[in-house]
Structures are given as structure tokens and as C-alpha cells.
Amino acid sequence: MTRRELDAAGITDPVLRAAYRRCRALNAAHGKTYFLATRLLPVERRPAVHALYGFARWADDIVDSTAPGAGDGLRGARLAALERRLDEGLRRGDGGEPVVAALADTARRYAIDHRHFQDFMAAMRSDLVVTAYPTYADLRRYMHGSAAVIGLQMLPVLGTVVPREEAEPHAAALGVAFQLTNFLRDVGEDLDRGRVYLPEDLLAGYGVERDLLYWCRRTGRQDQRVLAALREFEALTRGVYRQARPGLAMLDPVSRPCIRTAYVLYGGILDAVARDGHAVLHRRAVVSRRRRASVAAGALVRVAAIRVRHRRRRPVPTPSPPSPPSPPSPPAGPARPVPEEVV
């Protein structure tokens, strides 16, 4: 499958092919829902998506590293080194490191605005020092770089049937909706890292402070004030999904099954959180394999239908009119000797 993807995308350089394979492995290992959706794209577009996701995953892993000795200083140094490689890669078209090389190649192929990558790295640097957000507006400013730009990076790869500027707000909203979903699902895990992404004013509206979140996490108990805040955050996230939804119809038809699948499966995480009683401080809610398989099967049917329609729309070659018969040849005369100089 990897070879087929790379061949279809016209990626022939062996070093670059290995770089894209590395990104694909990161996607497969860390983003099961996203990887499943990516496989619904036309084969030639998949390597670019793997490169974009692989780079974002790598940077995020640096920020979230809990390995021994991975203090803020080490993480900051690693992130700074990555940013230097990124700047060099985007400028020169490679970057030396495989994930950066694949990203730089994708950015060149699809003319992706380099500011999106710079904004993303600014958000990653923020994660090293910012552990709380006073208001939702503060959180949205952070998510421009951490989530909205991911949707904007993807848009040139996915293609649109409207001017790209018209689809951009919806693509950005979808990136934000996905990240808000992750924030809700991962409240407990983020708390262990010393971060709270739920806005402080939203929590305060229900009398919730960070100490109460720690108490619930430590004791395994629920608190009605916390549950009410989590429900409001869920409702807020569903509102962002509604803002993003009109953008699905603006995409190239061959890209819609991929993004619609991601839209449904990520939205399904919210349903799983609700079914689990918003117990996100104690365990991670997941979408069942059966549900993922069901959604993917429906998407495969849509992909097949789109391909059939495209084949039907291909112009049928018009047969050329028959050539008029050639005039009869004159009767052959006696053979003439061939001059010696021709032989």
C-alpha cells in the first residue's frame, strides 16, 4: 500500500520515500481514527496527509514527553531544534530530518502557506509554559496555531469546489472542533501533565477550581459541579462542529468521504463521553471498533459511488470517420532495374 501511494504521488527519490514512510508510520501508530479516514482519500493524496499529521504528531510528542529527564529545558531545546530544522527545510526544500523533509516536500507540492507552520510552532512553544486559559477567547487564540491551522494546511491537499477562501473558515473550525473533542476526552491525562484546557471562567461559573479537579482525579469520585462544567464544554464543542459542517460540501467530492468520516468519528467521541457519564477525569472514552468499522464501510460505499460517477463523466472518444477508399493502383508494368548507387 505504501509503495502504491508513493508511486501514485510521483515521489521517486528513495530518501524522500523513506521520509514519507516514517510519517505514515506515525499516523498509523498514533492517530487511529485519522489514519482510517486518510485511507479513504485518493491514493495519490495520502502521502501529503501523512506528512502533515506526522510532523504535528512529532512536535506534540516533544511537548507532552514524560520521559525521565524530559523537563521544560530539554523539551524547549528539542522544540527549538525542530523549529530550526523546519525553517531550513521550508526554505531549502529538505531539512535533513525525515519528517521535516516530507513536510517540506508536501508544502512545496501543494503551495501551503508557511505561516501555518510558524503559527503551529508558536502554539507548541506556548504549551511549554502556559497551563491554563482564563477565558474561551484565550483558548481560541491558542487553538488558532494548535488546531485551526491544521485544517488550513489540509485544504490545498483536499481540494475545493469553491474558492478556497470561502472554505477556509469551515476548515479552521473543523480543526478546532477536533481539538476541543480531544481536550474533553483527555481532561484527566492533561491534568496529570499540569494542564487544564477547560477555560477558567467556564469552570468558575459552576464553582470549580483546579484543586477540585485534582481531588476528583485522585479519589475517583464524581462531583456535580464538575459534571455540569463538562457538559457545558461538550455543548460548546458541538456548536463548533455545526460551524464546520457546511465546509464538507465545499470539498472536492473525492475528499468528502475522508473528512466526513473523521467528522462523524470524532463527533462520536463526544457521544462516548456522554454515555460514560462524563467520567473523563477517571478514564478515556473511546469509539468502539464496531462503530469505526460501520462508519468506514459506509464511507467506502460513497467512495465507490464517486469513482463510478467520475468514470461515467469521462468523455467517450469519438470514432474517426472512415477514410475514403484509395483510388485503384495502375496496372503494374515490367520491373525496372534498380540503379546500382541506390543498392
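Because the structure is predicted, anything quoted here is derived from the model rather than measured.

Caption draft 1: Focus on the nonpolar core. Membership of the largest hydrophobic core comes to 99 residues, with the highest contact counts inside it found for F55, L139 and Y142. What L139 contacts, discounting residues up to four positions off in sequence, is Y133, L180, F183, Y197, P199 and F233.

Caption draft 2: The arrangement of helix 13 (residues 224-244) in detail. For helix 13, with 21 residues, the first-to-last C-alpha span of 31 Å sits near the 30 Å given by 1.5 Å per residue. Buried residues of helix 13: V226, L227, A229, L230, F233, E234, T237, G239, V240, Y241 and A244, and no others. The elements touched by buried residues of helix 13 are helix 8 (136-158), helix 9 (164-185), helix 10 (187-192), helix 11 (200-204), helix 12 (210-219) and helix 14 (256-275). Between the side-chain oxygen at the start of helix 13 and the backbone nitrogen of R225 there is a gap of 2.8 Å, and the oxygen is on D223.

Caption draft 3: Fine view of the pattern of salt bridges. Enumeration over the complete set of coordinates arrives at 23 salt bridges. Salt-bridge contacts for E83 lead to R125; the nearest nitrogen and oxygen are separated by 2.7 Å. With E83 in helix 5 (residues 72-92) and R125 in helix 7 (residues 114-127), the pair connects residues that are 42 residues apart, well separated along the chain. Given a relative accessible area of 39%, R125 falls into the partly exposed group. For D105, the salt bridge goes to R108, with nearest N and O atoms at 2.8 Å.

Caption draft 4: Seen up close, the environment of D105. For D105, the position within the fold is in helix 6 (residues 98-110). Residue classification places D105 among the buried positions, given a relative accessible area of 6%. Along the sequence, D105 and R92 sit 13 residues apart, while their C-alpha atoms lie 9.9 Å from each other. If we ignore the near neighbours within four places in the chain, the residues touching D105 are L16 and Y20. Side chain to side chain, D105 and R108 meet in a polar contact 2.8 Å long.

Caption draft 5: Spotlight on the packing of aromatic side chains. Applying the stated criterion across every chain yields a total of 9 aromatic pairs. With centroids separated by 4.0 Å and ring planes inclined at 5°, the aromatic side chains of F183 and Y197 adopt a geometry described as stacked. On the criterion of sequence distance, the pair formed by F183 in helix 9 and Y197 in the loop between helix 10 and helix 11 is long-range, its members being 14 residues apart. Accessibility classification places F183 together with Y197 in one group, the buried group. Site record: aromatic cluster; members linked through ring pairs are Y133, Y142, F183 and Y197.

Caption draft 6: Structural detail: the packing of helix 8 against helix 9. Relative to each other, helix 8 and helix 9 sit at 120°, their axes nearing to 7 Å. Accordingly, the angle class assigned to the pair helix 8 and helix 9 is oblique. At the point where helix 8 passes helix 9, the crossing takes the right-handed sense. Contacts between helix 8 and helix 9 involve Y136, L139, R140, Y142, M143, S146, A147, A148, G151, L152, L155 and P156 on the former and, on the latter, R164, A167, E168, A171, A172, G175, V176, Q179, L180 and F183. For the contact of helix 8 with helix 9, the per-class residue count stands at 15 nonpolar, 4 polar and 3 charged.

Caption draft 7: Broad picture of the confidence of the model for the protein. For the protein, per-residue confidence averages 87 on the pLDDT scale, and 83% of positions sit at 70 or higher. Low pLDDT, under 50, characterises residues 315-343; the predicted model gives this stretch 1 contact beyond four residues in sequence or across chains.

Caption draft 8: Structural view of the packing of helix 13 against helix 14. Where helix 13 meets helix 14, the closest approach of the two axes is 11 Å, and the angle between their N-to-C directions is 165°. The angle between helix 13 and helix 14 places the two elements in the roughly antiparallel class. Read as a crossing pair, helix 13 and helix 14 show a hand that is left-handed. Between helix 13 and helix 14, the residues in contact are E234, T237, R238, Y241 and R242 and Y263, Y266, G267, L270, D271 and A274, respectively.

What counts as what
- Position labels on residues start from 1 in each chain and follow its written sequence.
- Per-residue local features of the predicted model are confined to residues with pLDDT of at least 70, and side-chain atom pairs are confined, for both listing and counting, to 80 or more; whole-chain, interface and lining totals are unaffected and use all residues.
- Hydrogens and water molecules were not included; the side-chain quantities draw on all heavy atoms of the structure.
- By convention a nonpolar core is built from buried Ala, Val, Leu, Ile, Met, Phe, Trp, Tyr and Cys residues, the set being connected through side-chain atoms within 4.5 Å.
- Only protein chains enter the calculation, and the probe is 1.4 Å; a residue is then buried if its accessible area is under 20% of its type maximum, exposed if over 50%, and partly exposed in between.
- Contacts are residue-level and defined by heavy atoms, with any inter-residue pair within 4.5 Å sufficient.
- Helical segments are the DSSP runs of H or I of at least four residues, strand segments are the runs of E of at least two, and each set is numbered from the N terminus.
- The length a helix should cover is 1.5 Å for every residue beyond the first.
- Any pair of nitrogen or oxygen atoms within 3.5 Å is treated as a polar contact; in protein, a donor-acceptor pairing is required on top of that, and neighbouring residues in sequence qualify only through side-chain atoms on both sides.
- For this document, the term salt bridge refers to a Lys or Arg side-chain nitrogen within 4 Å of an Asp or Glu carboxyl oxygen.
- Each pair of aromatic rings taken from Phe, Tyr and Trp, with Trp reduced to its six-membered ring, is defined by centres within 6.5 Å and is described as stacked if the planes are under 30 degrees apart, edge-to-face if over 60, and tilted in the remaining cases.
- An axis is simply a line fitted to the C-alpha atoms; with a helix, the fit covers only the stretch in contact. Between two such axes, the angle follows the N-to-C directions and lies from 0 to 180 degrees.
- To sort the angles, those under 35 degrees are grouped as roughly parallel, those over 145 as roughly antiparallel, those from 65 to 115 as roughly perpendicular, and the leftovers as oblique.
- Throughout, a crossing is termed right-handed when the near helix is turned clockwise from the far one, and left-handed when it is turned anticlockwise from it by less than a right angle.
- For this classification, the nonpolar set comprises Ala, Val, Leu, Ile, Met, Phe, Trp, Tyr, Cys and Pro, the charged set comprises Asp, Glu, Lys and Arg, and every other residue, Gly included, is treated as polar.
- As a per-residue quantity, pLDDT reports the predictor's confidence and falls between 0 and 100.

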